[in-house]
Amino acid sequence: MQRMSPSVTKIAISRLTRLISVVALVVMGTGPALAQGQFEPVIRVNDKSITAYELEQRLLLLQALGAPGNLAEEARQRLIDERLQVQAADALGLTATEEGLQEGVAEFAARTNTDADNFLATLAARGVAPESFVDFVEAGLLWREVIRIRFAPRAQISEDDVDRAVALAGQQGGARVLLSEIILPARSPEELAAAEARAAEVVQINGFEAFSAAARNISASSSRPRGGRIDWLPLNNLPPPLRAQLLTLPPGGITEPLRLPNAIAIFQLRALEELPPEQSEVVAVDYARFLIPGGDAGDAARVAARLDTCDDLYGVAQGLPEELLTRDVLPPSDVPADIARELETMDDNEVSTRLTSGNARVVLMLCGRSNAVSAELDRSEIRRQLLNQRLAGFAEAYLAELRADAVIVELE
């Protein structure tokens, strides 16, 4: 079992001690005075309360992380959402383990290139109690598990989904993107820590106007006066990791923070537009050949009628000599001339039966073409981005449903 971090263990004890202290004050008759102070409920979310102390703590946390926008309203809305998220977890019988809390705190701290103890100490210096930060981490961990349980089976990504994303990268002609950017300076360890913390907040922004407002407030880019807006860029001019993210984002979606020399960059996708096919450069051709010894055009046509994709050829060739079916992925210059001429006029999964090889009729099938963009992309990364996007959509819709059904009362 993983050994517990002393700081997280102390936080757990601190949370329990705080609860015991509140109960003791009430028992000794000082409860009314306390209720008029920082532990007085100010918002009720169904059967759970949010205190003035929690609102103050969340405001301090957002300030410490460099969050943009109306922080008082942001603190209020986030605490309401977290109450709903925790209630959804309670309904499923979920609880956060000490190991999970430790990992969650460490994961957040790593974004600022520090460990959990130093990160919590930095927050404490800004007035944020460690147990308040752990409450924030706990809500996030529980909500992540709620979404996984409820929606993961419905969010599966197929090979066709990945293929469509890769196609936009240029396999069928490429694309260009319209982006907004936020560039955060990171020229020293201190600036890097601050940039990582701010970036973690920026990726939570919703909407074009909110992103533009944040760019005007905190971006160091020359696009800052324009709210971070930059002109159209060819998708294949961008680094592969950034392309993989943009291919899976809807308009308004925000990328994960990208490390640059001496800076952290976050981008928002405003639009994506496909380009004509002639602008993409083919670097590899995937094709299959099935030989029918002594066969004629009619035999080849009957085989072709059974084919939807190149994978279907393996079923046709089952039990026959292996040399009758070959599949190659070659640069265009290495494809034999007679095959290359046939493939030039064919689309993906199209079949030709015009060629012969010796006394055999050839069933030729184009499996696909790859260009310089798609060849560099990591399909597993695209799959991960698509899955995260789909789960995020489910999560947003479910949280909106919980808000609509909730009884939220302002007590002030």
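Reading the values: the criteria
Residues numbered from 1 in each chain as written. Predicted model: local features only at pLDDT ≥ 70, side-chain atom pairs only at ≥ 80, totals over all residues. Heavy atoms only, no water. Helix = DSSP H or I, 4+ residues; strand = E, 2+ residues; numbered from the N terminus. Buried < 20%, exposed > 50% of the residue type's maximum accessible area, 1.4 Å probe, protein only. Contact = heavy atoms within 4.5 Å. Areas by Shrake-Rupley, 256 points an atom, 1.4 Å probe, with all protein chains shown as cover. Pairing = 2+ DSSP bridges. Phe/Tyr/Trp six-rings, centres within 6.5 Å; stacked < 30°, edge-to-face > 60°. Expected span 1.5 Å × (residues − 1). Core = buried A, V, L, I, M, F, W, Y, C linked by side-chain atoms within 4.5 Å. Disulfide = S-S within 2.5 Å. Axes fitted to C-alpha atoms, helices over the stretch in contact; angles between N-to-C directions. Arc of directions from axis to C-beta.

Student: Explain the overall build of the chain here, please?
Tutor: Per the secondary structure count, the chain includes 15 helices and 12 strands. Expressed as a percentage of its 412 residues, the buried residues of the chain come to 42%. Partitioning the contacts of the chain with sequence separation of at least 6, the portion at a separation of at least 24 is 73%. Carbon and sulfur atoms form 53% of the exposed surface of the chain, whose accessible area is close to 21,300 Å².

Student: I tried to follow the pairing of strand E2 (residues 48–51) on my own but got confused; where do I start?
Tutor: The side chains of a regular strand alternate between both faces of the sheet. Here strand E1 (residues 41–45) pairs with E2 via 4 bridges, running antiparallel. Paired with Ile43 across the two strands is Ile50, which belongs to E2. If you look at the hairpin formed by E1 and E2, you'll find 2 residues sitting between the two strands, and Asn46 has a positive phi there, around 55°.

Student: Please clarify how the packing of aromatic side chains should be interpreted in this entry.
Tutor: Any pair of aromatic rings gets described here by the distance separating the centres and the angle formed by the planes. Going through the model one piece at a time under the given rule, you end up with 9 aromatic pairs. Relative to Phe133, the ring of Phe119 lies with its centre 5.2 Å away and its plane at 65°, an arrangement referred to as edge-to-face. Of the two residues, Phe119 is situated in helix H5 (residues 116–125) and Phe133 in helix H6 (residues 130–151); the sequence distance between them amounts to 14 residues. The class of Phe133 is buried, set by a relative accessible area of 0%. Considering the side-chain rings of Phe133 and Phe136, the 5.8 Å spacing of their centres and the 45° angle between planes classify their relative orientation as tilted. Within this pair, Phe133 and its partner Phe136 are both found in helix H6, separated by 3 residues, close to a single helical turn.

Student: Quick question: what am I supposed to make of helix H8 (residues 189–202) here?
Tutor: Because an α-helix packs 3.6 residues into every turn, residues spaced three or four apart end up facing the same way. A rise of 1.5 Å per residue sets the reference length of H8, with its 14 residues, at 20 Å; its end C-alpha atoms lie 20 Å apart and thus fit the reference within 8%. Regarding H8, the residues found buried are Leu192, Ala195, Glu196, Ala197, Ala199, Ala200, Glu201 and Val202. In this fold, the buried residues of H8 make contact with helix H2 (52–64), helix H3 (71–91), strand E3 (175–185), helix H9 (208–218), strand E5 (258–260) and strand E6 (263–274).

Student: What is the right way to look at the nonpolar core in this model?
Tutor: General note: in soluble globular proteins, nonpolar side chains tend to be found buried as a group. Residues Phe290, Leu343 and Leu364 are the most contacted members of the largest nonpolar core, which totals 27 residues. A total of 7 residues in this core trace back to one element, the largest contributor, which is strand E11 (residues 360–371). Counting 24 residues, the second largest nonpolar core, distinct from the first, contains Leu55, Ile80, Leu84 and Ile147.

Student: Would you mind going over the state of the cysteines with me for this structure?
Tutor: As used in these notes, a disulfide is a covalent bond between sulfur atoms, one from each of two cysteines. Taken as a whole and judged by the stated rule, the model has 1 disulfide. Note that Cys310 is cross-linked by a disulfide to Cys367, the S-S spacing being 2.0 Å. What sets the handedness of the Cys310 and Cys367 disulfide is the S-S torsion sign, and at about -100° it is left-handed. Highlighted residues: Cys310 in the loop between helix H11 (297–304) and helix H12 (312–316) and Cys367 in strand E11, separated in sequence by 57 residues.

Student: Looking at this structure, I do not really get the environment of Glu103. What am I missing?
Tutor: Tracing the backbone shows Glu103 in helix H4 (residues 98–110). Put simply, Glu103 and Ala116 are 13 residues apart on the chain and 9.2 Å apart in space, counted from C-alpha to C-alpha.

Student: What's the story with the sheet that holds strand E4 (residues 233–234) in this structure? I'm lost.
Tutor: Strand pairing in a sheet relies on backbone hydrogen bonds. The paired strands run either parallel or antiparallel. With antiparallel pairing, the 4 strands of this open sheet are ordered in space as E4-E3-E6-E5. Only two strands of the sheet have a single partner each, and these edge strands are E4 and E5. Relative to E4, E3 is paired through 2 bridges, and the arrangement is antiparallel. Counted as the bridge partner of Arg176 is Pro234 from E4. Running at roughly 40° to E3, H9 makes contact with E3 and E6 of the sheet.

Student: Hey, could you run me through unusual backbone geometry in this one?
Tutor: Glycine aside, the phi torsion of most residues is negative, and most peptide linkages are trans. Unusually for a residue other than glycine, Asn46 sits at a positive phi of about 55°. Relative to the helices and strands, Asn46 is located in the loop between E1 and E2. Located in the positive-phi region is Asn349, a residue other than glycine, with phi close to 65°. Looking at the element boundaries, Asn349 is found in the loop between helix H13 (337–344) and strand E9 (351–352). Judged by relative accessible area, Asn349 falls into the partly exposed class, the value being 32%.

Student: What is the right way to read H5 from this model?
Tutor: For H5, the set of buried residues is Ala116, Phe119, Leu120 and Leu123. Angularly, the buried residues of H5 cover 95° about the axis, an arc narrow enough to put them on a single face. Backbone geometry just after H5 places Gly127 at a positive phi near 90°.

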